[in-house]
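Observations on chain architecture
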Amino acid sequence: MDILMEKIVFRPEGEEAAEFYVLEQTRIGGIDYILVTDTEEDDGEALILRDMSRPGEAEALYEIVTDDEELKAVAGVFGNMLEDIELS
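Residues numbered from 1 in each chain as written. Predicted model: local features only at pLDDT ≥ 70, side-chain atom pairs only at ≥ 80, totals over all residues. Heavy atoms only, no water.

**What about the sheet that holds strand β3 (residues 31-37)?**
Strand order in the open sheet made by the five strands is β1-β2-β3-β4-β5, with antiparallel pairing throughout. In this open sheet, the two edge strands, each paired with only one partner strand, are β1 (6-10) and β5 (62-64). With direction set aside, neighbouring strand axes in the sheet form an average angle of 45°. Both β3 and strand β4 (residues 46-51) contribute to a ladder of five bridges, which runs antiparallel. Bridge pairing in β4 links valine 36 to leucine 47. Its contacts with the sheet put helix α1 (residues 68-81) on β2 (18-28), β3 and β4, and the angle it makes with β2 is roughly 90°. (Pairing = 2+ DSSP bridges. Helix = DSSP H or I, 4+ residues; strand = E, 2+ residues; numbered from the N terminus. Axes fitted to C-alpha atoms, helices over the stretch in contact; angles between N-to-C directions. Contact = heavy atoms within 4.5 Å.)

So this is what it looks like as structure tokens:
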């Protein structure tokens, strides 16, 4: 089964743009998170990103989740949502 994933482009200041594909999104404790991968096919590198933008801002501001406790909790939620994907 092919799943059409939304592609998003990140443009960090002073760095080259990077493209990612959104696998899933969720909201936990009032914070939005997205699970992204660098490839549409096979096994790719996955990251969990936290939305740091303020309500009403025109552009989203994401940062990589690095806190071990937060990462474990959010990865568990995404793992339940996407049973066929292993997050490690």
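What follows picks up the thread again.
**Regarding the layout of surface pockets**
What the second largest pocket holds in volume is close to 650 Å³. Lining the second largest pocket we find 24 residues, and of these Val9, Phe10, Ala60, Leu61 and Tyr62 sit closest to its centre. Of all the secondary-structure elements, those providing two or more residues to the lining of the second largest pocket are β1, β2, β3, β4 and β5. It is β2 that provides the largest number of residues to the lining of the second largest pocket, a total of six residues. (1 Å grid on protein atoms, 1.4 Å probe; cavity = no way out; pocket = protein on both sides within 12 Å on 5 of 7 lines; lining within 4 Å. Points joined across faces, edges and corners; volume = space filled by probe spheres on them.)

**A short note on the environment of valine 9**
Looking at the secondary structure, you find valine 9 in strand β1. With twelve residues separating them in the primary sequence, valine 9 and tyrosine 21 have C-alpha atoms 8.8 Å apart. Valine 9 has contacts with Ala17, Ala18 and Glu19, leaving out every residue within four places of it along the chain.

Note that all results are geometric; they support no functional claim without further evidence.
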